[in-house]
Amino acid sequence: MDTIIFLLFFATFLALGTGRRRLGLALFVVSLLATLGLAATHMTSELTLSF
Amino acid sequence: MTHRLGFWIAHFNIVAVGAVLLGAFGVQFLEGEYPCPLCIMQRMGMLLCLLGPAYIIMRARHGDVPAADFATGYGMSVVAAVLGAAIAGRQILLHILPNDPGYGAPMFGLHLYSWSFVVFTVVLLVSGVNLMFAAQLTPQGVHYGWPSRLTLALLALLILSNAVAVFFEEGLHWTMPGEPTRYELLYDLGWQ
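Residues numbered from 1 in each chain as written. Chains lettered and ligands numbered in written order. Predicted model: local features only at pLDDT ≥ 70, side-chain atom pairs only at ≥ 80, totals over all residues. Heavy atoms only, no water.

Peer 1: Describe the overall build of chain A, listing the residues and the values that go with them.
Peer 2: The helix and strand tally for chain A stands at two helices and zero strands. Within chain A, buried positions represent 41% of all 51 residues. Accessible surface, chain A: about 3000 Å² in total, of which carbon and sulfur atoms supply 69%. (Helix = DSSP H or I, 4+ residues; strand = E, 2+ residues; numbered from the N terminus. Buried < 20%, exposed > 50% of the residue type's maximum accessible area, 1.4 Å probe, protein only. Areas by Shrake-Rupley, 256 points an atom, 1.4 Å probe, with all protein chains shown as cover.)

What follows is the structure, given as structure tokens:
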């Protein structure tokens, strides 16, 4: 999954570099969400807080 | 002159954070410390931060950079830095209790995830200052030459090298172990 996300970053880089602004920004948002999703898969209940 | 300064600040952003990412490779391959999943995600956050300044530099190929694109670039950095800081902050909190050895060896008194949090904070500050003074810093009358191509090539190389490095560490598994002790691809192939 991590490798795919890095390749998504590269696709974003290429899209922005070739003038495809909307595609590049869309891929950037997808990249952000993918990174967030990956972070969510690594969340455990190890840290539990009470407020 | 300040419009050229804004252009070179974008280059400096990429080179400075790029140096941090190269340092991370140094810790991985020279010190033999395997990056954990959270460490990899912080590298992702840093690379995402750099796509903003890269976009600004790329826009300069076509002449003066519109203010909207300048704002878009630093907006991208801000959002990515918030995500990266959250991930770094989580790793700090996981090891914040007294007598916790932390993950990896400390460098200059702080663990790498603490330094990562500092990096993301600096990115936020630099992006904020650039946005505040966008009228003076938006690149105008700049030349997209070999320094710009070299800087963008550095970023491309960092993204691809991280993709390769994590492929070796993760192998063909969907996720990495929480505390990696080997390169899964080499282990699965019987080479480690």
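Peer 1: Give me the interface of chain A and chain B: which residues, what numbers.
Peer 2: Listed as interface residues are 28 residues of chain A and, on the opposing side, 34 residues of chain B. Across the chain A to chain B interface the summed buried area is about 3000 Å²; carbon plus sulfur atoms make up 79%. Our count for the contact surface shared by chain A and chain B stands at one salt bridge. One salt bridge connects Arg21 of chain A with Asp69 of chain B, and the closest N-O pair in it is separated by 3.1 Å. The interface formed by chain A and chain B contains seven residue pairs in polar contact (both at pLDDT 80 or more). Secondary structure elements with two or more residues in the side of chain A that touches chain B: α1 (2-17) and α2 (21-42) of chain A. Looking at the side of chain A that touches chain B element by element, the count peaks at twelve residues for α1 of chain A. For the side of chain A that touches chain B, the per-class residue count stands at 17 nonpolar, eight polar and three charged. (Contact = heavy atoms within 4.5 Å. Buried area = accessible area lost by both parts, 1.4 Å probe. Salt bridge = Lys/Arg side-chain N within 4 Å of Asp/Glu carboxyl O. Polar contact = N/O pair within 3.5 Å; in protein donor to acceptor, adjacent residues only side chain to side chain. Nonpolar A, V, L, I, M, F, W, Y, C, P; charged D, E, K, R; others polar.)

Peer 1: Lay out the pattern of salt bridges with the relevant residues and their values.
Peer 2: The final tally for this structure, using the stated rule, is three salt bridges over all chains. A salt bridge links Arg182 of chain B to Glu184 of chain B, with the nearest nitrogen and oxygen atoms 3.2 Å apart. Judged by its relative accessible area of 8%, Glu184 of chain B falls in the buried class. Several salt bridges share partner residues, and in doing so they unite Arg21 of chain A together with Arg59 and Asp69 of chain B into one network.

Peer 1: Please provide a residue-by-residue account of a nonpolar patch on the surface, values included.
Peer 2: Residue and element names in this part refer to chain B. Side chains of Met107, Phe108, Leu110, Leu112, Trp115, Val118 and Val122 sit close together on the surface and give an oily, nonpolar patch of about 610 Å² of accessible area. Considering the arrangement of structural elements, one finds Val122 in helix α4 (residues 112-132). A relative accessible area of 41% places Val122 in the partly exposed class. (Patch = residues over 30% accessible without salt bridge, like charges linked within 9 Å, V, L, I, M, F, W, Y side chains within 5 Å.)

Peer 1: Tell me about the packing of aromatic side chains, and name the residues and values.
Peer 2: Between two aromatic rings, the relevant description is the distance of the centres plus the angle of the planes. With the rule as written, the count across this model stands at six aromatic pairs over all chains. Relative to Phe13 of chain A, the ring of Phe10 of chain A has its centre 6.1 Å away and its plane inclined at 15 degrees; by these criteria the two rings are stacked. In this pair, Phe10 of chain A and Phe13 of chain A both sit in helix α1, three residues apart, roughly one turn of the helix. Here the basic side chain of Arg61 of chain B rests over the ring of Tyr144 of chain B, its NZ or CZ set 5.8 Å away from the ring centre. (Phe/Tyr/Trp six-rings, centres within 6.5 Å; stacked < 30°, edge-to-face > 60°. Lys NZ or Arg CZ within 6 Å of the ring centre and 35° of its normal.)

Peer 1: Outline the side chain of Glu170 of chain B, listing residues and values.
Peer 2: Looking at the element boundaries, Glu170 of chain B is found in helix α6 (residues 146-170). For the buried Glu170 of chain B, no salt bridge is present, and the opposite-charge side chain at shortest range is Arg43 of chain B, 12 Å distant. Of note is the side chain of Glu170 of chain B, whose polar atom sits 3.5 Å from the backbone nitrogen of Met176 of chain B. Those residues within four positions of Glu170 of chain B in sequence are excluded, and the remaining contacts are Met1, Asp2 and Thr3 of chain A together with Thr175, Met176 and Glu184 of chain B. (Lys, Arg positive; Asp, Glu negative; His and termini not counted.)

Peer 1: Can you explain α4 of chain B? Please cite residues and give values.
Peer 2: Residue and element names in this part refer to chain B. Over its 21 residues, α4 runs 30 Å from end to end, which matches the ideal 30 Å to within 8%, given 1.5 Å per residue. Buried within α4 we find Tyr113, Ser114, Ser116, Val119, Phe120, Val123, Ser127 and Asn130. Lining the buried residues of α4 we find α1 (2-29), α2 (37-59), α3 (67-94) and α5 (134-137). (Expected span 1.5 Å × (residues − 1).)

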